[in-house]
Amino acid sequence: MAHVVVVGAGVVGMATGSGFSDLGHEVSFIDKSEQVVADLRADGYHALLPEDMDLDGCAAVFVTVDTPTIPDDVPAIDLSNLRQATTMIGRCLEKARTDFPVIVFRSTQLPGTTARELVPLLEELSGKCAGHDFGIAYWAEYLRASAAMADFRQPRVITLGTMSRHDRAYDTS
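Residues numbered from 1 in each chain as written. Predicted model: local features only at pLDDT ≥ 70, side-chain atom pairs only at ≥ 80, totals over all residues. Heavy atoms only, no water.

Undergrad: Help me understand helix 1 (residues 11-22), please; the structure alone is not making it clear to me.
TA: Counted at 1.5 Å a residue, the expected span for helix 1 with its twelve residues is 16 Å, and the 16 Å between its end C-alpha atoms agrees. Inspection of helix 1 places Val 12, Gly 13, Ala 15, Thr 16, Gly 17, Ser 18, Gly 19 and Phe 20 among the buried residues, and these make up the whole buried set. Phi for Gly 24, located one or two positions after helix 1, is positive at around 100°. (Helix = DSSP H or I, 4+ residues; strand = E, 2+ residues; numbered from the N terminus. Expected span 1.5 Å × (residues − 1). Buried < 20%, exposed > 50% of the residue type's maximum accessible area, 1.4 Å probe, protein only.)

Undergrad: Mind showing me how you'd approach the environment of Gly 57 here?
TA: Following the sequence through the fold, Gly 57 ends up in the loop between strand 3 (46-48) and strand 4 (60-63). Taking the relative accessible area as the measure of exposure, Gly 57 reaches 48% and is therefore partly exposed. Placed 53 residues apart in sequence, Gly 57 and Val 4 show a C-alpha to C-alpha distance of 9.0 Å.

Undergrad: Just checking my understanding: could you explain the pairing of strand 7 (residues 102-105) for this structure?
TA: Two faces belong to every sheet, and in a regular strand the side chains alternate between them. Burial of strand 7 is two-sided: the residues Val 102 and Val 104 facing one way and the residues Ile 103 and Phe 105 facing the other way are all buried. Pairing geometry for strand 7 and strand 8 (residues 135-139), over four bridges, is parallel. When the sheet's bridge partners are listed, Ile 103 is paired in strand 8 with Ile 136. A crossover connection joins strand 7 to the parallel strand 8 through helix 4 (residues 113-126); in handedness this β-α-β unit is right-handed. (Pairing = 2+ DSSP bridges. Right-handed = clockwise from strand over helix to strand, strands pointing away.)

Rendered as structure tokens:
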């Protein structure tokens, strides 16, 4: 089974990580809250703070941090947590000894955000090339907060995208 890392242990992160753990995968949760990490450890999960994250041997990183809506006249999304998580992953990718990790974004974002902002940030910080050294995917989360685990186990619909139909991330997904 694969080693996966889940960055962000909110509703989506817990459903994703617990679901993969139930399927027999080795899961590491990363969260910036010391209390969340302590609670996860008390529940028997492998959980770390961001500064302790290590991507060696990791097959996939699921980015599930919150992206709250900014109340305004024009709907907008606060991407600061997503950028912060992507920065941390980029720095870890630089040092990682792993074949071809796939970074899977499961955070709400506007179309084009991954290609315009997140991939260049990952490449700049890691010194590696998306599609060659690591993969990029987006897995839309259709999870209801009240039934996230059930929705993960029996999804009504799955939408998964990669940057190209001709890259290794597409073949991996």
